[in-house]
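So the chains spell out like this:
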Amino acid sequence: MATELHETIFMAKQERHKNLFLNYKNLNIFPVELLKDEGLQYLERLYMKRNSLTTLPDNLAQKLPNLIELYLHSNNIVIIPEAIGNLARLQSLDLSSNALQLLCPEIGRLRSLRHLRLSNNQLKFLPPEIGDLHELETLDVSMNQLMSLPHRLHRCLSLQNLTADHNLLCRVPRQLCWLHRLNQLSMAANRLTFLPLDLGRSRELQFVFVDNNVDLKGLPSYLYNKVIGCSGCGVSSQVLEGDLREVPGKALSQALVGLSAEVKVVGSETENVVPLEELAMRTLHRIYHHRPTDPNLLPPITLPKSLLDLLQFPLGHCHRCSQAMFTIIYPKLFPLRDTALAGVHRRTTVSFVAYCCSSHCLRTFDLQG
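Residue numbers restart at each chain and count upward from 1, following the sequence in its written direction. For this predicted model, a pLDDT threshold of at least 70 governs which residues receive local features, and a threshold of 80 or more governs which side-chain atom pairs are given and counted, while totals over whole chains, interfaces and linings are taken from all residues. Based on all heavy atoms of the structure, the side-chain values leave hydrogens and waters out of the count.

Visitor: Can you walk me through the pairing of strand β15 (residues 328–335) in this structure?
Guide: Regular strands place side chains that alternate from one sheet face to the opposite one. A simple rule labels every residue: compare its accessible area, found with a 1.4 Å probe on the protein chains alone, to the largest value its type can have, and call it buried under 20%, exposed over 50%, or partly exposed in between. Strands here mean DSSP runs of E at least two residues long; helices mean DSSP runs of H or I at least four residues long; both are numbered from the N terminus. The buried fraction of β15 is high, at 8 of 8 residues. For two strands to be treated as a pair, DSSP must find at least two bridges joining them. In the sheet, strand β12 (residues 265–266) pairs with β15 via 2 bridges, with the strands oriented parallel. The residue bridging V265 from the neighbouring strand is I328, located in β15.

Dropping the structure here:
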């Protein structure tokens, strides 16, 4: 095997190969032949799946400077060296099915990276620097131990496919609603209790899979007519018997039990006065919403950071009039059985929840309209 490996690498050097396949070679350490002399300056794609590697060399970028794709699926890699950030041309990195517990912040220096696969590891968190990957299109972090996603993920403006199935996630950062290129979001088998109010408002988002989140009782009505997966979500069917369109009510309060803590008031149809704090935030938003989201360019107003964050990323927009909402919502439930998707998801008990900015919009909003 050693002789065969040596001959394969020697041939790749001699003929200036761009692709090198070292899958299923029983490798315990990174082959030193790849790192000798000038290395493989012409190599663009390196396949090393199904080996027993535990780490990567620090001089990987120095010896393989033109790597575009690196496939390390199914090894025993525990740690990625900081020098990984020096692979300036890298576009695809597959570290699925390893033993990663930490991901170094230097991963954010891979500014050309378009596909990052980290599924089936032992990651408990992702570094905020993930948000510096502005060219990233695919991120797969399924089957880890993540309890949250970094808020800076919304800076990955090219992100199209986000997969985070089988983790310990309790919430989805509302900033993800601002990823206008996101086409598919999959967060099945987590601990989600609610979804961001604006999820699905972007026309690009077409596929949402949140199956087997047992405490998830409501889906934002922006997901209506999109391809959704919600089997195994929600409460028992008995809770949803009767008319759920009236606010308030036992079924409604249960459906909204996990609503974001940032929503301070859940309004009812009988209320006609919007709180002063909400009116102030709406006014500021109308004045400055055309400005960039860079906090350094926001108006010179002394506000707590929590309110500044709300000003940049409203909790949601009214489903009827698109008014931005910050501290109060007026929810309206539509049982799944009353929608066109009822025949597709017969076994689920979840409802669609519409969010309105006032009692007037609450009364006049219709999911079918």
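Text resumes after the structure shown.
Visitor: Explanation requested: the sheet that holds strand β16 (residues 351–356) in the structure shown.
Guide: Through backbone hydrogen bonds, the strands of a sheet pair up, either in parallel or in antiparallel fashion. Read across the open sheet, the 4 strands follow the order β10-β16-β15-β12; overall the sheet is mixed. Strands at the two margins of the open sheet, each flanked by one partner only, are β10 (218–220) and β12.

Visitor: When you look at the packing of aromatic side chains in this model, what are you seeing that I'm missing?
Guide: The way to describe two aromatic rings as a pair is by their centre distance and the angle between their planes. Centre distance within 6.5 Å is the pairing criterion for rings of Phe, Tyr and Trp, where only the six-membered ring of Trp is used; planes under 30 degrees apart are then read as stacked, over 60 as edge-to-face, and the remainder as tilted. The full count for this structure, using the stated rule, is 5 aromatic pairs. Aromatic side chains F334 and F365 sit 6.1 Å apart centroid to centroid with 75 degrees between the ring planes, which places their arrangement in the edge-to-face category. Remark: F365 occurs in the segment after α6 (359–364) and F334 occurs in strand β15; sequence separation between them is 31 residues. By relative accessible area, F334 is classed as buried at 3%. You can call F365 buried: its relative accessible area is 11%. Each member of the aromatic cluster is reached from another via a ring pair, and the members are F21, Y47 and Y71.

Visitor: What should I look at first to understand the pattern of salt bridges in this one?
Guide: When the charged atoms of two side chains with opposite charge come close together, those side chains can pair. A side-chain nitrogen of Lys or Arg and a carboxyl oxygen of Asp or Glu constitute a salt bridge if their distance falls within 4 Å. Inspection of the entire model under this criterion finds 7 salt bridges. A salt bridge links R45 to E69; its shortest N-O distance comes to 3.5 Å. Within this pair, whereas R45 is found in strand β2 (residues 45–47), its partner E69 is found in strand β3 (residues 69–71), the two being separated by 24 residues in sequence. Exposure remark for R45: the relative accessible area of 25% places this residue in the partly exposed category. Close ionic contact of D132 with R152 constitutes a salt bridge, the shortest N to O distance being 3.1 Å. Separated by 20 residues along the polypeptide, D132 in the loop between β5 (115–117) and β6 (138–140) and R152 in the loop between β6 and β7 (161–163) bring together distant segments of the chain. Members of the salt-bridge network, linked through shared partners, are E44, R45 and E69.

Visitor: What am I meant to see in the state of the cysteines here?
Guide: Each disulfide is one covalent bond, formed between the sulfur atoms of two cysteines. Whenever a pair of cysteine sulfur atoms sits within 2.5 Å, that pair is classed as a disulfide. Under the counting rule described, the total for this entry stands at 0 disulfides. Of all cysteine sulfurs in the structure, the one in C321 sits closest to C361, which takes part in no disulfide; the separation is 3.8 Å. Overall, the relative accessible area of 4% leaves C361 in the buried class.

Visitor: Can you walk me through the confidence of the model for the chain in this structure?
Guide: When pLDDT drops low, the exact placement of atoms in the prediction is not to be read closely. Residue-level confidence of the predictor, termed pLDDT, takes values from 0 up to 100. When pLDDT is averaged along the chain, the result is 87; 85% of the residues meet or exceed 70. Contacts are assigned to residue pairs with any non-hydrogen atoms lying within 4.5 Å of each other. Across residues 236–248, where pLDDT falls below 50, the model places 28 contacts with residues more than four positions away in sequence or in other chains.

Visitor: Honestly, the pairing of β16 in this entry has me stumped. Any pointers?
Guide: Of all the 6 residues making up β16, 6 are buried; the element is thus mostly covered by neighbouring parts of the structure. Judged by which residues are buried, β16 turns out to be covered on both faces: S351, V353 and Y355 on one side and F352, A354 and C356 on the other are all buried. The pairing of β10 with β16 spans 3 bridges and is parallel. Among the inter-strand pairings, G218 is bridged to a residue of β16, identified as S351. Alignment of β15 against β16, held across 6 bridges, turns out to be antiparallel. Looking at the pairing, F334 lines up with F352 of β16.

Visitor: Hey, could you run me through the environment of L205 in this one?
Guide: The residue L205 is located in the loop between β8 (184–186) and β9 (207–209) in this model. Counting along the chain gives 22 residues from L205 to V227, while the straight-line C-alpha distance between them is 9.3 Å. Beyond its immediate stretch of four places on either side in the chain, L205 contacts L182, N183, Q184, L185, L199, G200 and K226.

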